[in-house]
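# Remarks on the overall topology
What follows is each chain in one-letter form.
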Amino acid sequence: MKEISNSELLVLQQLWLRSPLSANEVVDALEQSHDMHEKTVKTLLNRLIKKNAVSFEKQGRTYHYSPLIAEQEYTLKESVSFVDRLFAGKLTPLVAGFAEKNKLSAEDVAELQTLLDDWQKEQK
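Residues numbered from 1 in each chain as written. Predicted model: local features only at pLDDT ≥ 70, side-chain atom pairs only at ≥ 80, totals over all residues. Heavy atoms only, no water.

Here we come to the overall build of the chain. Each helix and strand in the chain was counted, giving 6 helices and 3 strands. The C-alpha radius of gyration computed for the chain amounts to 19 Å, which surpasses the reference 14 Å derived for 124 residues by more than 25%, pointing to a less compact arrangement than a globule. Over its C-alpha atoms, taken along the principal directions, the chain stretches across nearly 55 × 35 × 25 Å. Here the chain holds 124 residues, and 25% of them are scored as buried. (Helix = DSSP H or I, 4+ residues; strand = E, 2+ residues; numbered from the N terminus. Rg over C-alpha atoms; globule rule 2.2 N^0.38 Å. Buried < 20%, exposed > 50% of the residue type's maximum accessible area, 1.4 Å probe, protein only.)

See below:
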């Protein structure tokens, strides 16, 4: 999977929310939420097509766009890449940093504990 820029990710996020979308629908959503102009959005859509991250289908005079990358797949790839780059592949320093700065809520801790418990059960 080729690298997706932050701006391209905004377009993909719109397509993950609901697709297929016309270029104008993507433009409308991103003009409101991120003050992006039509030409910029259409350029980003074309880049995503070239990266095989988005497909399109022509219906009459309108193109409708759909993601070719699943959101969960992309999120996992980027998460692993982030941890590899910043923490040498180790999760502990990342979680410890959040814990030290009191950025983990009780709900976060409970979810992490559940994940760890489930992982331990699978290892047996």
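Let us now look at the pairing of strand 2 (residues 54-59). Looking down a regular strand, the side chains alternate between one sheet face and the other. Of the strand pairs in this sheet, strand 2 and strand 3 (residues 62-67) are connected by 6 bridges, and their pairing is antiparallel. Each residue of the ladder has a partner; that of Ser55, found in strand 3, is Ser66. Between strand 2 and strand 3, which pair antiparallel in sequence order, lie 2 residues; one of them, Gly60, sits at a positive phi of approximately 70°. (Pairing = 2+ DSSP bridges.)

Tallied over the full model, the rule gives 4 aromatic pairs. Between the aromatic rings of Phe56 and Tyr65, the centroid separation amounts to 6.4 Å while the plane-to-plane angle is 50°, which identifies the pairing as tilted. We classify Phe56 as partly exposed; its relative accessible area is 44%. You can call Tyr65 buried: its relative accessible area is 9%. Taken together, a centroid distance of 6.0 Å and an interplanar angle of 65° make the contact between Phe82 and Phe87 edge-to-face. Phe82 sits in the partly exposed class, given a relative accessible area of 33%. For Phe87, a relative accessible area of 22% gives the class partly exposed. (Phe/Tyr/Trp six-rings, centres within 6.5 Å; stacked < 30°, edge-to-face > 60°.)

Nothing here speaks to function; it is geometry throughout.
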